[in-house]
Amino acid sequence: MDTYAEPAEPAEPERTRYDAIASGPPIRKLFRDVVADRLPGRRPPQAVMLFDAGADPCWDDRGFLADFFNEILHQDTCQPATAEGLVLLAALAGDDRIPARHRFQAVQLLFMAATVAERHLADTWPATPQHADPDSEARARDAVRALAPDLLSRWSAECPAVRLALAGLAVVFPTDRTLPALTPRLGTFTHQHPRGTDIGDHVRFVLVLAAQDESRILTATEQLTDAYWTGTARGAPTRARSLHLLAQMLTGVGTGLARPRALQ
């Protein structure tokens with residue numbers, strides 16, 4: 001009896017599939033090129049998503065970005081490898097080849113990593129955050145502290161969108177040099193974006209935080225959370241509550257910036 005044999009797969013589609021795996025989607029290739037240039041030596045483990053030829057061939061840009069950023073800060077929690085992976089975000093945020101929206105995301109994620117412990121404390125007060133890892137959170141915060149000065153030094157060369165994210169990072173690590181500089185640097189935003197808008201409220205709240213007056217910070221935090229954002233328990237530390245709010249506001253700004261002509 002004759003037997004039926006499946007036809008052999010043609011060679012060309014297989015080669016095409018391999019090429020797709022090796023090169024990945026455009027944004028993955030761009031990320032890989034930037035990281036290869038800026039981090040030529042030993043790279044953190046998360047970089048395997050950029051350089052592994054066997055990576056997911058079905059990634060589109062959106063799926064890759066979600067997976068890549070989640071690999072560094074997993075579901076908004078710090079793990080032992082988180083601090084090491086943050087150098088990838090700094091490399092991407094500091095390179096003009098990366099589109100502005102992705103540089104914004106990279107700085108935003110640095111902000112989120114640096115504030116995990118305080119934001120989660122405010123969110124769960126008076127309970128202890130369920131998935132807290134104090135050692136990993138402290139290492140992530142220290143890593144962002146070390147990376148922040150180089151990113152903030154790019155302010156004058158940065159686009160408006162990334163400046164909004166950098167402003168949030170500046171008040172997480174206040175210095176006698178950066179805090180006074182925020183008022184003139186954010187003046188254009190306050191003139192162009194009134195209260196009640198995502199950008200307008202974000203920059204005004206950053207300026208309140210920069211003034212370092214706890215009474216004003218508490219008042220502004222309660223007013224803004226009552227009006228727009230998810231509130232936190234009044235017994236939680238003021239700084240934790242304010243960073244919890246600032247994270248929400250920064251996310252809102254990022255969503256708005258995705259719309260065409262958002263800063264025009």
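Bear in mind that the values here come from a model prediction, so they are computed numbers and not experimental data.

A. Spatial organisation of the overall build of the protein. Summing up its helical and strand segments, the protein has 14 helices and zero strands in all. Secondary structure of the protein in N-to-C order comes out as α-α-α-α-α-α-α-α-α-α-α-α-α-α. For the protein, with 264 residues in total, the buried portion stands at 46%. If you take every contact in the protein between residues at least 6 apart in sequence, the share linking residues at least 24 apart comes to 67%. Accessible surface, the protein as shown: approximately 13800 Å² in total, 52% of it carbon and sulfur.

B. Just empty space enclosed by the protein, in detail. Counting across every chain of the model gives one cavity of 30 Å³ or more. Together, L152, W155, A170, T178, A181, L182 and R185 line the largest cavity. Looking at the lining of the largest cavity, the element that brings in the most residues is helix 10 (residues 178-185), giving four residues. Along the lines of polarity and charge, the residues of the lining of the largest cavity split into five nonpolar, one polar and one charged.

C. Broad picture of helix 8 (residues 134-152). For helix 8, built from 19 residues, the straight-helix expectation of 27 Å at 1.5 Å per residue is met to within 8% by its first-to-last C-alpha distance of 26 Å. Largest kink in helix 8: about 30°, centred on A146, with the proline P149 one to four residues after it. In the core, the buried residues of helix 8 are packed alongside helix 5 (82-93), helix 6 (100-114), helix 7 (116-124), helix 9 (160-172) and helix 10.

D. Representation of helix 2 (residues 26-38) within the structure. In this model, helix 2 (13 residues) spans 18 Å end to end at C-alpha, consistent with the 18 Å of a helix rising 1.5 Å per residue. Within helix 2 the residues assigned to the buried category are I27, R28, F31, R32, V34 and V35. The arc that holds every buried residue of helix 2, seen down its axis, measures 165°, which confines them to one face.

Scoring rules and cut-offs
- Residues numbered from 1 in each chain as written.
- Predicted model: local features only at pLDDT ≥ 70, side-chain atom pairs only at ≥ 80, totals over all residues.
- Heavy atoms only, no water.
- Helix = DSSP H or I, 4+ residues; strand = E, 2+ residues; numbered from the N terminus.
- Buried < 20%, exposed > 50% of the residue type's maximum accessible area, 1.4 Å probe, protein only.
- Contact = heavy atoms within 4.5 Å.
- Areas by Shrake-Rupley, 256 points an atom, 1.4 Å probe, with all protein chains shown as cover.
- 1 Å grid on protein atoms, 1.4 Å probe; cavity = no way out; pocket = protein on both sides within 12 Å on 5 of 7 lines; lining within 4 Å.
- Points joined across faces, edges and corners; volume = space filled by probe spheres on them.
- Nonpolar A, V, L, I, M, F, W, Y, C, P; charged D, E, K, R; others polar.
- Expected span 1.5 Å × (residues − 1).
- Bend = angle between axes of the 7 residues up to and from the residue.
- Arc of directions from axis to C-beta.

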